[in-house]
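Working through the structure, step by step
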Amino acid sequence: MFSRNCFSVSAWTALAAGNVALAALNGHCPPLGPVLPAPTNPATHASVQSVIYNFTGAFQSLTAELYSTGVSFAIKSIHEASPLLELHHTPAVFNPNGTSTIDSQTVYRLGSISKIFAVLSILQQGHVKLDDPVTQYVPELFDLKGETDEVSDITTVRWSEVTLGALASHMSGIGTDLVNDLASIPTDWTQVGLPKLDEASKTGCAGVLGLPPCNRTEFFRDFGKRHPVYAPFTNPVYSNIGSVILGFAVEAITKMTYENYVQQSIFTPLSMTNTTIFNGPEKNSWGFIPVNESWWGSSLGYEDMAGGFYSNTVDLLSLGTGILKHVMLEPAKTRKWMKPVSSTSSSGLLMGGPWEILRSNTVTRDRRLIEFYCKAGNLNTYNNMICLIPDYDLVITILSGGPESNADLVNSILSKIVEGLLPAIEDAGKAEAMSKFGGDYVDSTTNSTITLALDDAPGFAVSNWVVRDVDIIKNYGKFAALSSSPKDQAVSVRLYPTNLSSGCRIAWRAVFDIGNAEELATKDASLFWPDASCHTWGSMDRLTYGFKSMDEFVFTLDDDGSAQSVNLRTFGVELKKGT
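Only a predicted model underlies this, so the values are computations on that prediction, with no experimental measurement involved.

Regarding the state of the cysteines
Enumeration according to the criterion identifies three disulfides in this entry. Linked covalently through their sulfurs, Cys-29 and Cys-534 form a disulfide whose S-S length is 2.0 Å. Between Cys-29 and Cys-534, the disulfide has an S-S torsion of 75° and is therefore right-handed. Taken together, the residues Cys-29 in the loop between α1 (11-19) and α2 (46-63) and Cys-534 in the loop between α13 (517-526) and α14 (536-539) connect sequence positions 505 residues apart. Cys-29 gets classed as buried once you look at its relative accessible area, which sits at 4%. Each sulfur of the disulfide joining Cys-374 and Cys-387 lies 2.0 Å from the other. Of this pair, Cys-374 sits in strand β8 (residues 370-379) while Cys-387 sits in strand β9 (residues 382-389), and the two are 13 residues apart along the sequence. Given a relative accessible area of 1%, Cys-387 falls into the buried group. For the protein, the bonded cysteines pair up as 1-6, 2-3, 4-5 when numbered in the order they occur along the sequence.

Observations regarding the side chain of Thr-254
In this fold, Thr-254 is placed in helix α6 (residues 240-254). Given a relative accessible area of 16%, Thr-254 falls into the buried group. A polar side-chain atom of Thr-254 sits 2.7 Å from the main-chain carbonyl oxygen of Val-250. Discounting residues that sit within four places of it in the chain, Thr-254 has contacts with Gln-125 and Tyr-261.

Digging into the sheet that holds β8
Judged by pairing direction, the sheet is antiparallel, and its eight strands sit side by side in the order β2-β1-β10-β9-β8-β7-β6-β5 without closing on themselves. In the strand order of this sheet, the two ends are held by β2 (85-89) and β5 (342-343), each with one partner. Across five bridges, the pairing between strand β1 (residues 70-77) and β2 is antiparallel. Bridge assignment links Ala-74 to a residue of β2, and that residue is Glu-86. Where α2 meets the sheet, its contacts fall on β1 and β2, and the angle it forms with β2 comes to roughly 15°.

With respect to the pattern of salt bridges
According to the stated counting rule, one finds 18 salt bridges in the structure shown. Lys-225 is the partner of Asp-222 in a salt bridge, and the nearest nitrogen-oxygen pair spans 2.9 Å. With relative accessibility at 5%, the residue Asp-222 sits in the buried group. Assessed through its relative accessible area of 26%, Lys-225 is described here as partly exposed. When the shortest N-O distance is used, the salt bridge between Glu-356 and Lys-375 registers 2.6 Å. Highlighted residues: Glu-356 in strand β7 (residues 356-360) and Lys-375 in strand β8, separated in sequence by 19 residues. The pair formed by Glu-356 and Lys-375 is uniform in burial state, with each residue classed as buried. Counted as one network, the salt bridges with shared partners bring together Asp-366, Arg-368, Asp-391 and Glu-426.

Some thoughts on the packing of aromatic side chains
For the coordinates displayed, the defined rule picks out 27 aromatic pairs. Centre to centre, the rings of Trp-296 and Tyr-310 are 5.1 Å apart; their planes meet at 90°, and the pair counts as edge-to-face. Of this pair, Trp-296 sits in the loop between α7 (258-267) and α8 (304-307) while Tyr-310 is found in strand β4 (residues 310-312), placing the two residues 14 residues apart along the sequence. Under the relative-accessibility criterion, Trp-296 is labelled buried at 11%. A residue is classified by how much of its surface remains accessible, and Tyr-310, at 1% relative accessible area, is buried. Judged by centre distance (6.1 Å) and plane angle (90°), the ring pair of Phe-479 and Phe-571 falls under edge-to-face. Here Phe-479 is found in helix α12 (residues 476-479), whereas its partner Phe-571 is found in the loop between β20 (563-568) and β21 (573-577), with 92 residues between them in sequence. Cluster of aromatic residues (ring-pair linked, three or more members): Trp-159, Phe-219, Phe-220, Phe-223, Phe-248 and Tyr-302. Between Arg-216 and the ring centre of Phe-248, over which it is positioned, the NZ or CZ distance is 4.4 Å.

With respect to the environment of Pro-228
As for its position among the elements, Pro-228 is in the loop between α5 (216-222) and α6. Using a relative accessible area of 17% as the deciding quantity, one classes Pro-228 as buried. Separated by 55 residues in sequence, Pro-228 and Gly-173 place their C-alpha atoms 5.8 Å apart. Apart from residues lying up to four places away in sequence, Pro-228 is in contact with Asp-153, Ile-154, Thr-155, Thr-156, Val-157 and Gly-173.

Thresholds, definitions, all that
Residues numbered from 1 in each chain as written. Predicted model: local features only at pLDDT ≥ 70, side-chain atom pairs only at ≥ 80, totals over all residues. Heavy atoms only, no water. Disulfide = S-S within 2.5 Å. Helix = DSSP H or I, 4+ residues; strand = E, 2+ residues; numbered from the N terminus. Buried < 20%, exposed > 50% of the residue type's maximum accessible area, 1.4 Å probe, protein only. Polar contact = N/O pair within 3.5 Å; in protein donor to acceptor, adjacent residues only side chain to side chain. Contact = heavy atoms within 4.5 Å. Pairing = 2+ DSSP bridges. Axes fitted to C-alpha atoms, helices over the stretch in contact; angles between N-to-C directions. Salt bridge = Lys/Arg side-chain N within 4 Å of Asp/Glu carboxyl O. Phe/Tyr/Trp six-rings, centres within 6.5 Å; stacked < 30°, edge-to-face > 60°. Lys NZ or Arg CZ within 6 Å of the ring centre and 35° of its normal.

What follows is the structure in structure tokens.
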């Protein structure tokens, strides 16, 4: 799905680079997630405007060579009404039955972006749990018949062990597909060594290539003939059928057709007026139809639930915004959804449900790890992507179709905008955060001070932390009386936001990075796993005094969200922000 790029790097250079890698700039180890509040008006920031100007030119240069392929790209902050950037390319050659001018309303076939809707539909059922066995809702799976009477772990899926969550995250171990079978293509496959098949070994349906779409009856007639790939929860294996079965479960749970449920509970609340499932848009002229594209207007039958949706830029931006704004699910459910379920053999790709979670520590100046919650969709000549970046409250959509379209094109566009724009978005976030939280805080009655400043490293740098004339950072080793760690190492303190607030108060947490960059690099080089010195998740909230955590900072905000004071609860002091 994601192309693997090859680079000419010597083994020695690669090994050396791996041995000196640090968790983030200067060895800092921030918590996973946002290190500053996401900017609320990034479009007004000069750095963002500059990147947008440059990327527009790069996009035009790239698409100038696409003579029969259409492309739509957009990126939006959920805090702004309009996209930060929206670009479209109408090729010189296209099917005259479709649109002659591509814009934000132009409809494309989505491919597997469609899978998001099946999982979201399940998550909206309050009484349903992802750990529920799927057979609780689709008991017909127990009746699937194999090619022969043999029933074994090799031939038969253990359906009692397959949960809704396993299907959502490709962890069920079931086969990838049913409709997509070489036997459906009218070619003499015996010419390439395959045996001649009888009709019982063919689906007789596909929705393309002159065959009718497959229905539910044909699914239950044939899918038992597919062997499992793994036992459930062994390894992620991409499965279109997983989304199909989730769709069947949605119908059983809601007592509605899948199409009607999704229309009522997702499309309508999000005003996705040009997104459809089993049929294309009302008029072909609303869509981009590549020349010689045979899959436009065709239904894959039940597999449309996994990959047959139609949509456009406006609707997909609305979907991504609705997810990040918790319109579709309660905040806790959304946070749980936006988390990995499984790792893969690529260190840069984790699996969610159904998110393909890209991970990188190379796109921002602070070099911290950032996760991108993406879903690719590929259907014949259509290749697409939706990508959510929770750290910055951003939604990216890329839609393309045509003979020059492929996953590499989509991945390249995604990489260019992420690498170019995220440092500028970070600058916008820093500018907003500095004006609202940065500066000196003082309580003259207790001779207490603290300074919050920004640099290229993650979060706020904490300095001049003095309480009742005591330098807190210099005396950190004394506070760590219950720790077995050395007491004389260098200490750097950084401050990061949490998602906890109450009225006009908001909580942040400090991280005490122990050791200098050289010491941390030496430690990392001595151990076999990367970023070995980065274990903030296990070190936060460790120092407490009278039930209060030393790393907790509680800000009181004014009406525009700017800090008025900070409460250091452990020390029993509240410091006012200077003007």
